[in-house]
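Each chain, letter by letter, is given below.
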Amino acid sequence: MKYSNIHCPTLKEDPASVEVASHRLLLRAGMIRQVASGIYDLLPLGLKVIRKVEAIVREEMNRAGAQEVLMPLVHPAELWQETGRWESNGKELLRFRDRHDRDFCLAPTHEEVVTDLIRKDVRSYKQLPINLYQIQTKFRDEVRPRFGLMRGREFTMKDAYSFDCDEESQMKAYEAMKAAYERIFSRCGLGFRRVHADSGNIGGSRSEEFMVLAKTGEDEIVHCKSCGYSANTEKARTLLNPSTLAKESFESLELVDTPDQKTIDEVVKKLQVHPTETLKVLLYQTEKGPVAAVLPGHRDLSEIAFQRALQAQNLRPLSPEELAQYSQVQFGSIGPMGLKEAIPVLADILFDSTIVEGRRYCVGANQNGKHYVGVQAGIDFAMQAHQVHQIHKAEVGDLCCDCNAPLQIERGIEVGHIFALGTKYSEAMNCNFMDEDGKEKPMVMGCYGIGIGRTAQAAIEQGLDEQGMVLPPAIAPFEVVIDVVKWKDEVLQSKALELYETLREHGYDVLLDDRDQSLGAKLKDADLLGISCRLVVGHKGLENNQIEAKLRWEKEAQWLAPDKIVDWIKSGFEKKQQAFLTADL
RNA sequence: CGGGGCGUGGCGCAGCCUGGUAGCGCACUUGCAUGGGGUGCAAGGGGUCGGAAGUUCAAAUCUUCUCGCCCCGACCA
């Protein structure tokens, strides 16, 4: 490909109000342009990178035995109503009506459609297992799109769905996908961690996320260096490190006035106590009725863990208006002592496991404008074993559940997610099959997703330097670029063309920069685009029959005879790729 | 959804406070020179200031409304 034939509007200056480096580079490299919030054009070179990621994904999916299909972006409401997700999904699900006033939505995911597809044609265990995947556009009307392709509203996703006769067979599909994902992300040159997304006690289902480690990642993950345990902070189970607790300052139970102190911060300030000596009560609404989470004032609640512990389908914070229907007590004065009496309709009260039994705490008194101090956990209020759960969000300093070592917290970009679904969708949608003894059973499903654009951008985020992108050859927009010191010089030009043809014959994806610009400008663009190998043809080298060659990730360039170039590139690329596959975090 | 910010040639910005119908850099066009890290000089083209209404003799500038985009936060009581 010749540069003059490509629409690649590179930018010299940084675009305004763009925070993340990879997003900035995508814009500067002329790979993407914004159309609306969270909606982008992919320009030729941006698309080229995306296609290369897709090619790797396809290859590994096919190798793992999945078959490619293509399902629609527009889904009829009926399918989503069958699983209840038409109602339970919020505004993220973009709904609209067609000319006949029928309800539709833009697909944020495809469990309903693929389950419908399978149930129409699969009757027997003999037809199973099946694993179908697609690389397709999704639309999720995100509250707050940001960071370019990282969190767009319209985005490309690879999603696979497996259908099996039983759990055991399902686990094989799950493991095959897991292995494929590890290969895919390694081949894309990504430093990633596979983390637990669910601790695995709900209906035997299991889920793991693939996190690319990056400071700018939107997700937090805990990692245990000593045993390797990794999990999404929201879903991680961790133990309290007792050494983080302040010394007890109360000796006896006492009722104190706190007329204007509603938040933990305010109470702590007024009563001169340490946050680790306070307890707070968070109220939520569920389909079973209001529920309460009791946890230390300095800890955050993991809503996901809370919901799981409650085994609730829906969970949202209780509004002040709702609270007023149940109780005279207002937010800010609610505490664990006599909670059930204060709010008689509470369905469940769960205590966080970081509450220390016997320790004296400062708590809301369930009387407006009053707190108790010196309340003993487990004595002044009961904490039955079945009520105590790990519902706090993991924090730095917490201890590993498995080996008791201190955990570290890292940031990551979620590029892939694999999930054992069980029979949730197959049961809701009657996706059944006849097994060997003539019994009808729901299929056991799994789903597996990769954000294609996000994977590409994560690779950029991890690889960049001051000059631009540093991409692995497998996903760089070009493998090789040829720059000519003076394009109009016929001797140099013909040498460059010769080199260009040779490399193409050897199967390389080559860019010939045929623009009549200063060398400096051309080199800047080559670096910005992250092209893996750069060759410079000029008089200086040609006098000695040499070409300047440089790999994007190396500091120094080398002078090589033209007939050595192909082998040199080959071994350079192989070394790099090998490094990715064996990279250790 | 709450808070904050921004919207002026393709891009990045100044002008707005203290109204008098637009300016800079980059990019673009033409010419000459240059050619190993965004080359120099010269001559050009392009915007009515997100939109609407209002105040005024006069609005990019003041007021109100509206649209769009970006950032932060989001029920932690």
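What this report covers is the structure whose coordinates are included nearby. (Residues numbered from 1 in each chain as written. Chains lettered and ligands numbered in written order. Predicted model: local features only at pLDDT ≥ 70, side-chain atom pairs only at ≥ 80, totals over all residues. Heavy atoms only, no water.)

## Examining the overall build of chain A
Logical step 1: Scanning chain A for helices and strands turns up 16 helices and 31 strands.
Logical step 2: Taken over the C-alpha atoms alone, chain A extends approximately 95 × 65 × 50 Å along its principal axes.
Logical step 3: Within chain A, the fraction of its 585 residues that count as buried is 54%.
Logical step 4: Intrachain contacts of chain A at a sequence separation of at least 6 include 68% that bridge at least 24 residues. (Helix = DSSP H or I, 4+ residues; strand = E, 2+ residues; numbered from the N terminus. Buried < 20%, exposed > 50% of the residue type's maximum accessible area, 1.4 Å probe, protein only. Contact = heavy atoms within 4.5 Å.)

## Side note on the packing of aromatic side chains
Given two aromatic rings, their pairing is described by the distance between the two centres and the angle made by the two planes.
Logical step 1: What the rule picks out here adds up to eleven aromatic pairs.
Logical step 2: Pairing Tyr181 with Phe210 gives two aromatic rings, centres 5.3 Å apart and planes at 55°, and the pair type is tilted. With Tyr181 in helix α6 (residues 167-187) and Phe210 in strand β10 (residues 207-213), the pair connects residues that are 29 residues apart, well separated along the chain.
Logical step 3: Residue Phe210 is classed as buried on the basis of its relative accessible area of 0%.
Logical step 4: Between the aromatic rings of Trp553 and Phe573, the centroid separation amounts to 6.2 Å while the plane-to-plane angle is 45°, which identifies the pairing as tilted. (Phe/Tyr/Trp six-rings, centres within 6.5 Å; stacked < 30°, edge-to-face > 60°.)

## Side note on the protein's contact with RNA strand B
Logical step 1: The full set close to RNA strand B counts 46 residues, and Arg144, Lys262, Gly332, Ser518 and Glu548 are the nearest of them.
Logical step 2: Of all RNA strand B atoms lying within 4 Å of any protein atom, the proportion belonging to sugar or phosphate reaches 48%.
Logical step 3: Measuring from a base oxygen of RNA strand B, one finds a side-chain N or O atom of Arg534 at 2.7 Å.
Logical step 4: Interatomic distance of 3.5 Å between a backbone N/O atom of Gly541 and a base oxygen of RNA strand B.
Logical step 5: Breaking the surface near RNA strand B down by element, the ones donating at least two residues are β1 (32-36), β15 (279-286), α14 (519-529), β29 (533-537) and α15 (539-542).
Logical step 6: With seven residues, the single largest contributor to the surface near RNA strand B is α14.
Logical step 7: Class assignment of the residues belonging to the surface near RNA strand B gives a composition of 17 nonpolar, eleven polar and 18 charged. (Near = heavy atom within 4 Å. Polar contact = N/O pair within 3.5 Å; in protein donor to acceptor, adjacent residues only side chain to side chain. Nonpolar A, V, L, I, M, F, W, Y, C, P; charged D, E, K, R; others polar.)

## A word on the state of the cysteines
Logical step 1: Scanning all chains against the criterion turns up zero disulfides.
Logical step 2: No disulfide involves Cys227; its sulfur sits 3.6 Å from that of Cys400, the nearest cysteine. (Disulfide = S-S within 2.5 Å.)

## Examining the pattern of salt bridges
Side-chain pairing between opposite charges can occur once the charged atoms of the two side chains come close.
Logical step 1: Within this structure, the stated rule accounts for 43 salt bridges.
Logical step 2: Across the pair Arg183 and Glu60 runs a salt bridge whose closest N-O atoms are separated by 3.1 Å. A residue pair is termed long-range when its members are at least 10 positions apart, and Arg183 in helix α6 and Glu60 in helix α2 (residues 44-63) qualify at 123 residues.
Logical step 3: Given a relative accessible area of 1%, Glu60 falls into the buried group.
Logical step 4: Where salt bridges share partners, they join Glu175, Lys178, Glu182, Arg194, Arg206 and Glu208 into one cluster. (Salt bridge = Lys/Arg side-chain N within 4 Å of Asp/Glu carboxyl O.)

## Details of the nonpolar core
Across soluble globular proteins, you tend to see nonpolar side chains buried next to one another.
Logical step 1: Core analysis: the biggest nonpolar cluster contains 61 residues, and Met61, Tyr181 and Phe185 have the highest contact counts within it.
Logical step 2: Once residues within four sequence positions are removed from consideration, Phe185 is found in contact with Leu190, Phe192, Phe210, Val415, Gly416, Ile450 and Thr455. (Core = buried A, V, L, I, M, F, W, Y, C linked by side-chain atoms within 4.5 Å.)

## Brief notes about the sheet that holds β29
Logical step 1: Pairing is mixed across the open sheet formed by five strands, whose spatial order is β28-β27-β29-β30-β31. On the outer flanks of this sheet lie β28 (510-513) and β31 (558-560), each paired with one strand and no other. Taken pair by pair, the neighbouring strands of this sheet meet at an average axis angle of 25°, ignoring direction.
Logical step 2: Bridge count between strand β27 (residues 480-484) and β29: five bridges; the pairing is parallel. Residue pairing across strands places Val481 opposite Arg534, the latter belonging to β29.
Logical step 3: Seen against the sheet, α14 touches β27, β28 and β29 and runs at an angle of roughly 170° to β27.
Logical step 4: Contacts from helix α16 (residues 565-581) reach β27, β29, β30 (547-551) and β31 within the one sheet, and its direction differs from that of β30 by about 10°. (Pairing = 2+ DSSP bridges. Axes fitted to C-alpha atoms, helices over the stretch in contact; angles between N-to-C directions.)

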